[in-house]
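Architecture and fold: a report
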Amino acid sequence: QNDGYLFEYNYLDRWLFSHLGDRLDPYTEKFDIKTHEDKSKETIWRPIEEIVRLANQLRSDRFMEQLDPKIDLRQMVRFVAVQNFLAENDGLLGYDGMNNFYLYRKENSDQHVFIAWDDDNSFSGIDFALDTRHDENVLFRKAMEVRELRDLYYETLEEAARIAETPDGSDLGWLESEVRRRLDLVEEPLADDPNKPYTMDGFQHNRDAMIQFARERSRFVNSNLPR
């Protein structure tokens, strides 16, 4: 998959996957092409316009048949589930619309996938609701009306919680152990940096919050899964 069409999403305004019309200009502005820049506008951006149009026009019971060949809906659902588990507040279902992702059209394929980028608003709250902003985004709202995709979403959250709690050989779950390991890597260099934009008290406060999130998020998720 090294010769497909890669797009960086360019945040311009609050967009919830509404159809922007048949003209390609709005899509060229939102999706910045990074490969195959010499191809025609029709070749590059028409498939994206078609995805958005179909997402808005199709009933959800036609999604798997007609839309999934053009955008990997199972991958999208798992993508959002992982972002939700991590309480990422500025991602595909961000607080101000879609943000911080790449879109990739697979080589020799019509199907697109989402790629995470700049997830710097994660760990935003242990009690981040499992259905945060599901009803806002056209594509995701209708995808969640498909039983297979809805089940996959909650199965992925359950899987993430299980992985996060898996013991790492000590008394800690994997996620807490990994958070502690990475924080330990930066603590000494940060303390020695005279130009750091944060105080060490601020670092310690956020360190404690991240460790608490890693320790308690799985419990919150498991207690709020539909049964």
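Cut-offs used in this document
Residues numbered from 1 in each chain as written. Predicted model: local features only at pLDDT ≥ 70, side-chain atom pairs only at ≥ 80, totals over all residues. Heavy atoms only, no water. Helix = DSSP H or I, 4+ residues; strand = E, 2+ residues; numbered from the N terminus. Buried < 20%, exposed > 50% of the residue type's maximum accessible area, 1.4 Å probe, protein only. Contact = heavy atoms within 4.5 Å. Pairing = 2+ DSSP bridges. Axes fitted to C-alpha atoms, helices over the stretch in contact; angles between N-to-C directions. Polar contact = N/O pair within 3.5 Å; in protein donor to acceptor, adjacent residues only side chain to side chain. Core = buried A, V, L, I, M, F, W, Y, C linked by side-chain atoms within 4.5 Å.

Okay, the overall build of the protein chain next. Along the protein chain, the regular secondary structure elements total eight helices and four strands. When the helices and strands of the protein chain are read in sequence order from the N terminus, they spell out β-α-β-α-α-α-β-β-α-α-α-α. If one aligns the C-alpha atoms of the protein chain with their principal axes, the spans along those axes are about 50 × 50 × 30 Å. By residue count, 44% of the 227 residues in the protein chain fall in the buried class. The long-range fraction of contacts in the protein chain, counting pairs at least 24 apart against all pairs at least 6 apart in sequence, stands at 67%.

Read from one edge of the open sheet, four strands run β2-β1-β3-β4, paired in antiparallel fashion. For this open sheet the edge positions go to β2 (31-33) and β4 (112-116), each flanked by a neighbour on one side alone. Ignoring which end each strand starts from, the neighbouring axes of this sheet average 30 degrees apart. Sheet analysis places strand β1 (residues 5-9) next to strand β3 (residues 101-105), joined by four bridges and oriented antiparallel. When the sheet's bridge partners are listed, E8 is paired in β3 with Y102. Relative to the sheet, helix α2 (residues 41-57) contacts β1, β2, β3 and β4, its axis offset from that of β1 by approximately 65 degrees.

On to the environment of N224, then. Within the secondary structure layout, N224 lies in helix α8 (residues 200-224). Looking at N224, the relative accessible area reads 39%, which means it is partly exposed. Once the C-alpha coordinates of N224 and H19 are considered, the two residues, 205 residues apart in sequence, prove to be 33 Å apart. Of the polar contacts made by the side chain of N224, one reaches the side chain of S223; its length is 3.2 Å.

Moving on, we come to the nonpolar core. Core analysis: the biggest nonpolar cluster contains 58 residues, and L67, F114 and L139 have the highest contact counts within it. Broken down by element, this core gets its largest block of residues, eight residues, from helix α6 (residues 147-165). Beyond its immediate sequence surroundings of up to four residues, L67 is in contact with I51, L54, A55, L58, R62, L73 and L139.

Everything listed here is a matter of geometry and, on its own, says nothing about what the molecule does.
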